[in-house]
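Each chain is listed here by its residues.
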Amino acid sequence: MTSNPKTPSAWGIELSKLWMVCGQNFPVDVKQIAPEVTKTRFPDEPVGIIKAHGITGIDGMLSKRKKGDWCISYDDTVTVPGRINFTLGHEFGHYLLHRKLREEFQCGQGDMLDYESTESKKLESEANNFASYLLMPINDFREQIQGQAVTLDLLGHCAERYGTSFTATALKWLEFTEKAALLVVARDHFICWSYPSKLASKRGTYLRPGTPVPQSALDRLNHVGTKRVNQSCRVSQGIWHSEMEAEESVIISDNFDLAIFLVQFPTAKRIIDHEEEEIQDTFTVLSNRAQG
Ligand SMILES: [Zn+2]
């Protein structure tokens, strides 16, 4: 019998490969793959049922049932596109990685950074990490964007393909892109959080929570209203970075009164260094930052 993967990303990669080898289309359907895989690999305690639970405020739940199998349930009233699929992936992650630790997990993921209500930040970020690798395989993601300028529309296309939210999809791209780019989420003119790609991080583009949004970006936002604006706008140095010009595009989130900026720095040069870097683990990094 083959041994099972040990890390969240290894599990996600193995199962997304399995999905593709079986000739299935995206998005990966957790409702199908979770019962099938667990029936074969863990016949004594498979995922026996996946159903809506009708409890608002709890996005997803994993619980052990009396007969020994496991139930994944989810809030089917969540309307943000892609959130339910990611939640199912997340709960499946708890099953694969954490079921020996507890018999019940209750999860809310309204904001991917909001782990404050949870004691187990590590477990939550591992489950998110698994879901991101399962639903958004990096090889396929690279193919989708190859040779194209990465725009909000292109990321939106990928979000649709993978059945994931815009934010989760953009974070995944930032995790592997070689470009210098920064995702900034703001509310009421202040930055809630920002996340840079590796190259952008090396150029010091991270913006702390509470930093005011640049005035020119606010002016543009007021002008735009509630539409998504795909055209990026070239802005001078000193706006998003002291020394680099940027290309800024912005989208208003449907449900949360949030503005999401995608800021790219086309003039950033790759600093060549010979250190072997570990693959950056976005979803863990984020939860650590959320802890301050
Ligand atoms: Zn969870």
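A quick note: this is a predicted structure, and the numbers were derived from the prediction, not measured.

### Digging into the packing of helix α1 (residues 8-21) against helix α4 (residues 121-135)
For any two helices packed against each other, the geometry is given by the interaxial angle and the distance between the axes.
Thought 1: Contact geometry for α1 and α4: axes closest at 7 Å, N-to-C directions at 25 degrees. The angle between α1 and α4 falls in the class roughly parallel. In this structure, α1 meets α4 at a crossing whose hand is right-handed. Of α4, the residues touching α1 (which contributes P8, S9, W11, G12, I13, L15 and S16) are E126, N129, F130, Y133 and L134.
Thought 2: Taken together, the residues that form the contact of α1 with α4 break down as seven nonpolar, four polar and one charged.

### Digging into the coordination of the zinc ion
Thought 1: Taken together, H90 (NE2), H94 (NE2), C107 (SG), E124 (OE) and E124 (OE) make up the protein donors of the zinc ion, found 2.0 to 2.6 Å from the metal.
Thought 2: For the zinc ion, the donor residues sit on a single chain with the sequence spacing H-x3-H-x12-C-x16-E. With H94 in helix α3 (residues 83-98) and E124 in helix α4, the pair connects residues that are 30 residues apart, well separated along the chain.

### Re helix α5 (residues 138-145)
Structurally, the α-helix is built with 3.6 residues per turn, so residues lying three or four positions apart point the same way.
Thought 1: For α5, every residue scored as buried is listed here: I138, D140, F141, Q144 and I145. The arc that holds the buried residues of α5, viewed along the axis, is 160 degrees, so those residues lie on one side. Relative to its buried face, α5 has exposed residues pointing more than 90 degrees away, namely N139 and E143.
Thought 2: Positive backbone phi, approximately 70 degrees, marks G147, located one or two places after α5.

### Digging into the nonpolar core
Thought 1: Core analysis: the biggest nonpolar cluster contains 55 residues, and L15, F92, F141 and W173 have the highest contact counts within it.
Thought 2: When residues of this core are assigned to their parent elements, the largest contribution, seven residues, is made by helix α7 (residues 166-176).
Thought 3: A domain-level breakdown of this core finds at least three residues from each of domain 1 (8-135) and domain 2 (159-272 + 281-290).
Thought 4: Not counting residues within four places of it along the chain, the set of residues in contact with L15 comprises I33, V37, R41, F92, L96, F130 and L134.
Thought 5: Counting 22 residues, the second-largest nonpolar core is a separate cluster that includes A186, A200, V235 and M244.

### Considering empty space enclosed by the protein
Thought 1: Per the stated rule, a full pass over the model turns up one cavity of 30 Å³ or more.
Thought 2: By volume, the largest cavity is sized at about 30 Å³.
Thought 3: Tallying contributions element by element places α3 first for the lining of the largest cavity, with three residues.
Thought 4: Looking at the lining of the largest cavity residue by residue, the class counts come to three nonpolar, one polar and three charged.

### Observations regarding unusual backbone geometry
Working note: non-glycine residues mostly have negative phi, and peptide bonds are mostly trans.
Thought 1: The omega torsion across F26 and P27 is -5 degrees, close enough to zero to call that bond cis.
Thought 2: Tracing the sequence through the fold places P27 in the loop between α1 and α2 (30-41).
Thought 3: Residue D188 is not a glycine yet carries a positive backbone phi of 50 degrees.
Thought 4: Its location among the elements puts D188 in the loop between β5 (181-187) and β6 (190-196).
Thought 5: For D188, a relative accessible area of 55% puts it in the exposed group.
Thought 6: Its identity as a non-glycine residue notwithstanding, H189 has a phi of 75 degrees, on the positive side.
Thought 7: Relative accessible area serves as the criterion here: at 47%, H189 is assigned to the partly exposed category.

Cut-off values and rules
Residues numbered from 1 in each chain as written. Predicted model: local features only at pLDDT ≥ 70, side-chain atom pairs only at ≥ 80, totals over all residues. Heavy atoms only, no water. Axes fitted to C-alpha atoms, helices over the stretch in contact; angles between N-to-C directions. Helix = DSSP H or I, 4+ residues; strand = E, 2+ residues; numbered from the N terminus. Parallel < 35°, antiparallel > 145°, perpendicular 65-115°, else oblique. Left-handed = near helix turned anticlockwise from the far one by under 90°. Contact = heavy atoms within 4.5 Å. Nonpolar A, V, L, I, M, F, W, Y, C, P; charged D, E, K, R; others polar. Donors = N, O, S within 2.8 Å, 3.2 Å for Na, K, Ca; no water. Buried < 20%, exposed > 50% of the residue type's maximum accessible area, 1.4 Å probe, protein only. Arc of directions from axis to C-beta. Core = buried A, V, L, I, M, F, W, Y, C linked by side-chain atoms within 4.5 Å. Domains from an automatic or database assignment. 1 Å grid on protein atoms, 1.4 Å probe; cavity = no way out; pocket = protein on both sides within 12 Å on 5 of 7 lines; lining within 4 Å. Points joined across faces, edges and corners; volume = space filled by probe spheres on them.

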